[in-house]
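# Notes for the structure review
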Amino acid sequence: MLLLQVDIAFIIEKLILITVILLGSLGIAMYATWAERKVAAVMQDRRGPNRAGPFGILQPLADGLKLFMKEEIIPERSTRVLFILGPCLAMLTACMTSAVVPWGPDFTLSNGHIVSLQVADINIGILFIFGVVSLGVYGIMLGGWASNNKFSLLSSIRAASQAISYELAMGISLIALLMMTGSLSLREIVSQQHGFWDGHWFTWYFFKQPLGFLIFLVCAFAELNRAPFDLAEAESELNMGYHLEYSSMKLGFYLFAEYVNMFVSSAIMATLFFGGYNFPFMDAVAQHVPAWLFTLLCVGVLMTKIIGFILFFMFVRWTLPRFRYDQLMRLGWKSLIPLALVNMLITGIVILWVLK
Amino acid sequence: MGIYEILFWFLTVMAIGCALGVILSRNPVNSVLFLIATFFAISGHYLLLNAQFLAIVNVIVYAGAIMVLFLFVIMLMNLNADVEPQKSRLVQLAGMIAGGVLFLVVLAALRTATLSSLDKASTDIGLIKNLGRVLFTQYVLPFEISSVLFLSAMIGAIVIGKKE
């Protein structure tokens, strides 16, 4: 009985790709924790971690080991299943988004087989990201509620209302972008931003949608629960919020999911607005280097953009003070959503009457 | 049985099982979680029917936004068996009869419905491009009327929620 007619080579190829992407995003997230402490140290005129290895480079490993070794405490009055499900969901949704990001151009092997550096080219790529992001809040909500602690509950409610409010502005700012691309597939959007200059204007969507990018960036901060919008874990009012009752690796998952999310949202911003793996003069470079080197170069360019965004997230965290909750809501509903709507209208008018 | 049928049966069992979980679980938070799982199973069915856009929008709108609000309210109300109001026998009986009648109506409608078989080859029928074209040409009037309905619902909610 031939139950499943599948191409084994295809499955193996995708499995390898998924493994590499997962390991890569986990590794970068791991070193983002180290970089965050280093950046904080530099900005506050300190040295930062410098004991484990040269420049404290082994610090993330030590931290991970410490989290694994700590005693695991599940509060007696918590809802046990949901308490464990919370961090699992947070980590799962953080890792899922990377499936639709194109990490590099297609690459032809010597036997003519084309390898795509994208796990799944689905034609609703951006909507998939939205779906996963909108599920991300369940990890925080369930964890906060199941802890049976009023600080955790308050924090999870804050996180949920913040996420829902900012998803609206984020969606509307993306609609303006999608009106220009005419496609929801990330692969298609990246290939439209080929090179840097098309003879009339920049090809990268940042230069066509600067306001849309600004709104998207602010919303990304809010969706990630990063400072200045980290109201959900405001330690001065909520004692660390939703992960107050967590210990050991479950706490580690929550903390780590934030860094994986930061990596993935940087990748998405680079892909949507900053040309993904495209770079200036790429056609000239492609003619002079072998294909495998060109692909590696493209991946490297994307990684550079991503690391730039991650550093930006960190600079902002150590620069701006935390918003108050009513300020956060006012910014979301009364500034960003109208601004995004105006941006959408202007984009529509320009497309209709100017570009035709 | 091909992969199509396997997926269909898996999703069907999941949808019905989770839907039963919604009404059978004592804890309202568990009910909400089961309902979310049901929405996922239904999204899977949409995917099998080549309606990719509907599938993902179902996840975003229902599982991602509406159920978060449900969970929100239930967490704040802190419902449990002690504070649950006891309904009288009469109300329970009325509920049973109303539900049974609804079931009969659905059954009668399903019995006479014409089933058109799915063309598995045309995978682009549910794409956003085709869906948008149909919505804004063939069904433009119902589409616009329903958006006016949503607008009026929003205004109504604001009027009710206003403190005065």
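Everything numeric here is computed off the predicted structure, so don't read it as measured data.

Okay, the overall build of chain B next. A tally of helices and strands in chain B yields six helices and zero strands. Counting from the amino terminus, helix and strand elements in chain B follow one another as α-α-α-α-α-α. Taken over 164 residues, chain B has a buried fraction of 13%. Considering only contacts in chain B between residues 6 or more positions apart, those separated by 24 or more positions represent 56%.

A separate point is the confidence of the model for chain A. Per-residue pLDDT for chain A averages 83, and the proportion of residues at 70 or more is 98%. Here helix α8 (residues 235-238) of chain A stands out as the least confident element of chain A, with mean pLDDT 71; helix α7 (residues 210-223) of chain A is the most confident, with 88.

For the rest of this paragraph, the subject is the nonpolar core. A general trend in soluble globular proteins is that nonpolar side chains are found buried together. Ranked by size, the top nonpolar core spans 109 residues in total, and within it A:M141, A:A169, A:C219, A:F263 and A:M269 carry the most contacts. When residues no more than four places from it in sequence are discounted, the contact partners of A:C219 are A:Y166, A:A169, A:M170 and A:L336.

So, about the environment of A:F128. On the secondary structure map, A:F128 appears in helix α4 (residues 125-146). Owing to 23 C-beta atoms within 10 Å, A:F128 belongs among the buried residues under this scheme. As a C-alpha pair, A:F128 and A:A99 span 29 residues in sequence and 9.6 Å in three-dimensional space. If sequence neighbours within four positions are ignored, A:F128 has contacts with A:V100, A:I122 and B:I56.

Contacts between the two partners involve 16 residues from chain B and, on the opposite side, 17 residues from chain A. The element best represented in the side of chain B that touches chain A is helix α3 (residues 52-77) of chain B, accounting for twelve residues.

It is worth spelling out the domain arrangement of chain B at this point. Once the domains are mapped, chain B shows domain 1 (1-80) and domain 2 (127-164). For domain 1 of chain B versus domain 2 of chain B, the distance between C-alpha centres works out to 24 Å.

Side chains three or four residues apart in an α-helix point the same way, a direct result of the helix having 3.6 residues per turn. Its 32 residues give helix α5 (residues 150-181) of chain A an end-to-end C-alpha distance of 46 Å, which sits within 8% of 46 Å, the value for a rise of 1.5 Å per residue. Downstream of α5(A) by a residue or two, A:G182 has a phi angle that is positive, lying close to 70°.

Let us look at the environment of A:F196. All names here are of chain A. With respect to the helices, strands and loops of the structure, F196 is situated in the loop between α6 (186-192) and α7. For F196 and M282, which are 86 residues apart along the polypeptide, the C-alpha to C-alpha distance reads 8.5 Å. If we ignore the near neighbours within four places in the chain, the residues touching F196 are F202, T203, W204, F279 and P280.

So, about unusual backbone geometry. Residues and elements named next belong to chain A. One non-glycine residue, N225, lies in positive phi territory at about 55°. Positive phi, normally seen in glycine, also occurs at S248, with a value near 55°. With respect to the element layout, S248 can be found in helix α9 (residues 248-273).

The rules behind the values
Residues numbered from 1 in each chain as written. Chains lettered and ligands numbered in written order. Predicted model: local features only at pLDDT ≥ 70, side-chain atom pairs only at ≥ 80, totals over all residues. Helix = DSSP H or I, 4+ residues; strand = E, 2+ residues; numbered from the N terminus. Buried ≥ 20, exposed ≤ 12 C-beta atoms within 10 Å, placed from the backbone. Contact = placed C-beta atoms within 7 Å. pLDDT = per-residue confidence, 0-100. Core = buried A, V, L, I, M, F, W, Y, C linked by C-beta atoms within 7 Å. Domains from an automatic or database assignment. Expected span 1.5 Å × (residues − 1).

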